[in-house]
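Geometric and topological summary
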Amino acid sequence: MHIVTPRFHGQYGYRRAIGYFLVHGGKRYDSKAIAGVAYRGVGGRPLRPDEFSGGNATVARVLGGLGFEVTKPGQAAEVPSIEDLLQKVDSLKPAVSPTTGAQKRHQPLTLLWAIGRAAQGEPRLTPWENTYRELGWLIEEFGLEEDRPNPEFPVLWLYHHGLWDLPGHANVPPASGRPAQQWMKEHRPNSGLRPWAYEIVADQEEIRAQIVVRLLSAYFHEVDHNALLARLGLDAVAIHGGSPTPGRSESIMERVIRDSLLAGQIKQAHAFRCQFCGNRLALRRGFYAEGAHIRPLGEPHNGPDEPDNLLCLCPNDHVLFDRGAIAIQADLAVMDMTSGVSLGPLRLAPNHDINPEHLAYHRKVIVGQE
């Protein structure tokens, strides 16, 4: 959407921009006209268009240095969407460890760090000294055992991937080798998420949670997720999503469309540990647990696909719970209904509440207890 109007152009003598636009809040503004008129706050009057030149070397550089996003000729005019952000998150290309074959965590840790800052209302751009120090600590603490910190590489890679901003800098080198490290050491740039990406993760908690879950699921199989999220200031991220009336699709038979992202968030909240027995099944590439609905989905139960109707269970306890061999009492004690023996209290997570009405429904209808 083009915002600077013909009346504005006529008033100040500017022509419409054809290449360089300032992007803010999902809208485009003529960069030269904005910079020239804004000059009145410095010099007491706006600049005439013939008093300075526009383009990359002047207006784009100055506005970029102030943290604004400025498009250049040939770049897409439209502001990227949420789908674009999710696609970029899903298409990271971390280096692979030559000894273990595991993907290195520099890029996802850099994104999680920036998302944590956005969630806490921290400024989008950070001085390089702070970025270098904080990312270095994160990589040492949560990276692969063999990893060296080297925060320069994920920052430069994310810049070329279109997610990271190095305002005021051109001819940014590729994310590899000593030239990259030397360039960062010499320029010491302020940097952070691109403005459009920052606005999405700062303002939309549900999208922020989706990205966090995707990154944790893909790259942090053997990491204490709660510890990592707490370290990033994301420990209070709420579980979102689901639907009170899950949709259906028809193939050979009707099946309930479950919110797999929601189940993933529940499992992440419990670090893949069964809420009944506490076991966590270790696979070659991470851990396994299942999302179990307390009040079943579909006819005749029509349970909602929402967080308070889900449990994180191991496969054995999932089957026993679905068949009514295990029940959760009103005081959250877990009971083996075949023997009448208590299995202990239901294991809980701080950001995952259980609806007592669904538990009562399970006891009455599935177990036949009440």
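Residues numbered from 1 in each chain as written. Predicted model: local features only at pLDDT ≥ 70, side-chain atom pairs only at ≥ 80, totals over all residues. Heavy atoms only, no water.

Burial of strand β11 (residues 310-313) is two-sided: the residues Leu310 and Cys312 facing one way and the residues Leu311 and Leu313 facing the other way are all buried. The pairing of strand β10 (residues 290-293) with β11 spans 4 bridges and is classified as antiparallel. Each bridged residue has a counterpart across the sheet, and for His293 the counterpart in β11 is Leu310. (Buried < 20%, exposed > 50% of the residue type's maximum accessible area, 1.4 Å probe, protein only. Helix = DSSP H or I, 4+ residues; strand = E, 2+ residues; numbered from the N terminus. Pairing = 2+ DSSP bridges.)

Here the focus is the pattern of salt bridges. Scanning the model with the defined rule gives 5 salt bridges in all. Between Arg214 and Asp90 there is a salt bridge, with its nearest N and O atoms 2.6 Å apart. Taken as a pair, Arg214 in helix α11 (residues 205-219) and Asp90 in helix α5 (residues 82-90) lie far apart in primary sequence, 124 residues in all. Among the residues examined, Arg214 registers a relative accessible area of 28% and is labelled partly exposed. Note that Lys104 is salt-bridged to Glu146, the shortest N-O span being 3.8 Å. With a gap of 42 residues between them, Lys104 in the loop between α5 and α6 (106-119) and Glu146 in the loop between α7 (128-142) and α8 (152-161) connect regions that are remote in the sequence. Residue Lys104 is classed as buried on the basis of its relative accessible area of 18%. (Salt bridge = Lys/Arg side-chain N within 4 Å of Asp/Glu carboxyl O.)

We now examine the sheet that holds strand β12 (residues 326-328). Pairing in this open sheet of 3 strands is antiparallel, and the strands run β12-β13-β14 from one edge to the other. Of all strands in the sheet, those bounded by a partner on one side alone are β12 and β14 (341-345). Taken pair by pair, the neighbouring strands of this sheet meet at an average axis angle of 25°, ignoring direction. (Axes fitted to C-alpha atoms, helices over the stretch in contact; angles between N-to-C directions.)

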